[in-house]
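# Commentary on secondary and tertiary structure
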Amino acid sequence: MTSTPHDEASPGTAEAAVRGVAPAADPKQPVAYVLAEYSTPEALVKAARQVYQQGYTKFDAHSPFPIHGIDDAMGIKFTHLPWFTFFAGGLGIITATLLIYYTNKEWYPYLISGKPLFSIPSAAPVMFELMVLFAAITTLLGMLALNRLPLFTHPLFQSTRFQRVTNDKFFLSIDARDPKYKSEKTIQLLTGLGAEYVETCHKEASAPLPWAFRTAVFLGLLLAMVPVSMVAWKRSTYSREPRIRVIFDMVSQPKKKTQTTSTLWQDGRAMRPWVEGTIAKGELKADDAFYRGLKPGGLNAVAATTVSMTNLVANQDGAAAAAATPGAPATPPDPLDKLPWIEDFPLEVTPELMKRGQERYNIYCATCHGLGGVGNGLVTIRAIELAEGTWVPPVTFHSEGLRKQPIGRMFHSISNGVRKMPGYGDQIPERDRWAILLYVRALQKSKFAPLSDVPPEKVNQLTDVAP
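Overview of the structure. Just so it is clear, the structure is predicted and the values come from calculations on it, not from any experiment.

As for its placement among the helices and strands, Ser 159 is situated in the loop between α5 (120-146) and β4 (170-175). A polar contact of 2.4 Å, which involves the side chain of Ser 159, links it to the side chain of Glu 199.

See the structure below:
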């Protein structure tokens with residue numbers, strides 16, 4: 001392509017000094033575009049509107065910045081890209097729903113705490129993520145497809161004047177494939193619309209892709225096959241070597257795992273037993289009342305029975321199971337009944353401790369025992385609805401047996417568990433366990449407290465609400 005200013009062909013006229021027509025440099029190559037240059041955005045908008053009104057459909061406007069009103073002047077219709085995004089987002093929601101439904105309910109139906117195998121609220125996060133993912137990818141690919149991208153070259157790039165489109169010039173290009181395109185007539189039209197310069201851009205002979213691009217694509221595809229091939233190879237073969245670890249962290253540190261042997265000790269055991277007569281730092285816990293719910297010296301009483309606390313719990317469970325079995329022999333005596341449990345709290349009772357106990361109770365206990373301690377927590381209600389026969393309903397704290405039970409015995413139940421309830425000794429510190437028991441005692445008092453326990457100024461209020 002070459003450019004020959006019209007002022008050189010037609011000297012002597014002021015109008016011709018700023019307008020020109022560039023003849024084709026190679027007549028053998030067909031014309032691809034007619035390019036018209038304008039100096040102001042107003043002129044470009046005016047020219048675009050006239051070209052559209054003349055019936056042209058394959059033309060475009062080029063500007064260094066967005067121009068308001070150019071879309072209406074060119075008759076640009078609403079793009080279909082939002083519809084692509086909409087349907088892709090819907091496809092993402094459907095895919096997530098089916099994925100969760102079949103994996104959770106059909107293929108791997110694991111029942112966890114009575115929760116439903118499939119529900120919309122639990123699936124909503126995955127549905128949202130796949131909706132965004134599908135919509136975003138489709139929008140990107142749709143934009144590239146509708147704009148026929150990527151393009152490695154374009155006929156307009158042959159124009160040296162077109163380089164100023166990112167600076168201070170405005171251009172209007174008409175595609176030669178437009179049904180209304182007529183070479184001389186189109187050039188005259190653009191010239192008559194105030195173009196400062198008009199030139200024709202010709203098609204380029206098809207050239208192969210740059211070697212660097214082809215090489216990069218080939219190497220990229222080759223490297224992409226490496227992890228896939230390694231995965232396929234590992235899945236189809238066997239190896240006695242440990243797996244490849246990219247991040248070692250503490251995996252490969254020198255250590256001995258449990259139940260393994262060691263040549264360091266004469267007995268060959270890697271796990272070392274407790275050293276007799278020693279105790280870990282900070283684990284003395286000599287206060288029997290606070291740490292075990294026993295009267296001072298009570299731990300010695302336990303030791304005198306030649307059974308451990310763990311065995312006591314096991315014996316207690318066995319007694320409870322025997323009592324619950326119809327036709328079973330008489331219930332054996334509970335070994336815990338013989339221990340010297342404390343009757344009073346081993347720490348000062350304060351409003352702060354009561355509030356702490358209520359908070360801990362609502363977190364750890366209310367789910368099964370209920371907020372009022374009658375055994376109607378949400379987990380209990382759900383288990384009863386399922387009627388699977390494995391649930392042991394929790395006892396009510398307002399039963400006569402628990403109201404008369406020593407507080408130390410209840411502390412033992414929380415610490416080591418009772419019947420189906422696991423021990424919470426490893427989860428709840430001792431002080432919080434006592435705070436929970438303080439709140440449980442308050443719940444029991446709420447239903448069976450004598451009138452003498454009510455402050456005199458509150459007695460009349462109770463009378464008012466009594467039926």
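Now for the packing of aromatic side chains. What the rule picks out here adds up to 14 aromatic pairs. Where Trp 83 meets Phe 86, the ring centres are 6.3 Å apart and the plane angle is 85°; that geometry is what we call edge-to-face. Remark: Phe 86 and Trp 83 occur in helix α4 (residues 81-107); sequence separation between them is three residues, near one turn of the helix. Here Phe 86 falls in the exposed class, since its relative accessible area comes to 56%. Put simply, the rings of Tyr 101, Tyr 102, Trp 107 and Phe 118 pair up and form one aromatic cluster. One Lys or Arg, Arg 161, reaches over the ring of Tyr 197 and ends 4.0 Å from the middle of that ring.

The next point concerns the packing of helix α11 (residues 351-364) against helix α16 (residues 430-448). At a minimum axis separation of 7 Å, α11 and α16 run at an interaxial angle of 90°. On the basis of their axis angle, the class for α11 and α16 is roughly perpendicular. For the pair α11 and α16, the contacting residues are Leu 353, Met 354, Arg 356, Gly 357, Gln 358, Arg 360 and Tyr 361 in the first and Arg 431, Asp 432, Ala 435, Ile 436, Leu 438, Tyr 439, Val 440, Ala 442 and Leu 443 in the second. Partitioning the contact of α11 with α16 into residue classes produces ten nonpolar, two polar and four charged.

Relative to each other, α4 and α5 sit at 145°, their axes nearing to 7 Å. The interaxial crossing formed by α4 with α5 has right-handed handedness. Along the contact surface, α4 presents Leu 81, Phe 84, Thr 85, Ala 88, Gly 89, Leu 91, Gly 92, Ile 93, Thr 95, Ala 96, Thr 97 and Ile 100, while α5 presents Ala 123, Val 126, Met 127, Leu 130, Met 131, Phe 134, Ala 135, Thr 138, Thr 139, Gly 142, Met 143 and Leu 146. For the contact of α4 with α5, the class distribution of residues is 16 nonpolar, eight polar and no charged.

Core analysis: the biggest nonpolar cluster contains 25 residues, and Tyr 38, Val 51, Phe 59, Leu 172 and Leu 190 have the highest contact counts within it. Looking at this core, the elements that each hand over two or more residues are β2 (31-38), α2 (41-53), β3 (59-62), α3 (70-74), β4 and α6 (183-192). In terms of residues, this core owes the most to one element, α2, which gives five residues. In this view, Tyr 38 contacts Ala 43, Leu 44, Ala 47, Lys 169, Phe 170, Leu 172, Leu 190, Leu 193, Gly 194 and Ala 195; residues no more than four positions away in its chain are not counted. Ranked by size, the runner-up nonpolar core spans 24 residues in total, among them Ala 366, Phe 397, Ile 428 and Trp 434.

Here the bond from Leu 149 into Pro 150 is cis, since omega is 0°, no more than 30 degrees from zero. Located in the positive-phi region is Arg 419, a residue other than glycine, with phi close to 50°.

Rules used in this analysis
- Residues numbered from 1 in each chain as written.
- Predicted model: local features only at pLDDT ≥ 70, side-chain atom pairs only at ≥ 80, totals over all residues.
- Heavy atoms only, no water.
- Helix = DSSP H or I, 4+ residues; strand = E, 2+ residues; numbered from the N terminus.
- Polar contact = N/O pair within 3.5 Å; in protein donor to acceptor, adjacent residues only side chain to side chain.
- Phe/Tyr/Trp six-rings, centres within 6.5 Å; stacked < 30°, edge-to-face > 60°.
- Buried < 20%, exposed > 50% of the residue type's maximum accessible area, 1.4 Å probe, protein only.
- Lys NZ or Arg CZ within 6 Å of the ring centre and 35° of its normal.
- Axes fitted to C-alpha atoms, helices over the stretch in contact; angles between N-to-C directions.
- Parallel < 35°, antiparallel > 145°, perpendicular 65-115°, else oblique.
- Contact = heavy atoms within 4.5 Å.
- Nonpolar A, V, L, I, M, F, W, Y, C, P; charged D, E, K, R; others polar.
- Left-handed = near helix turned anticlockwise from the far one by under 90°.
- Core = buried A, V, L, I, M, F, W, Y, C linked by side-chain atoms within 4.5 Å.

What is shown is where atoms sit, not what they do.
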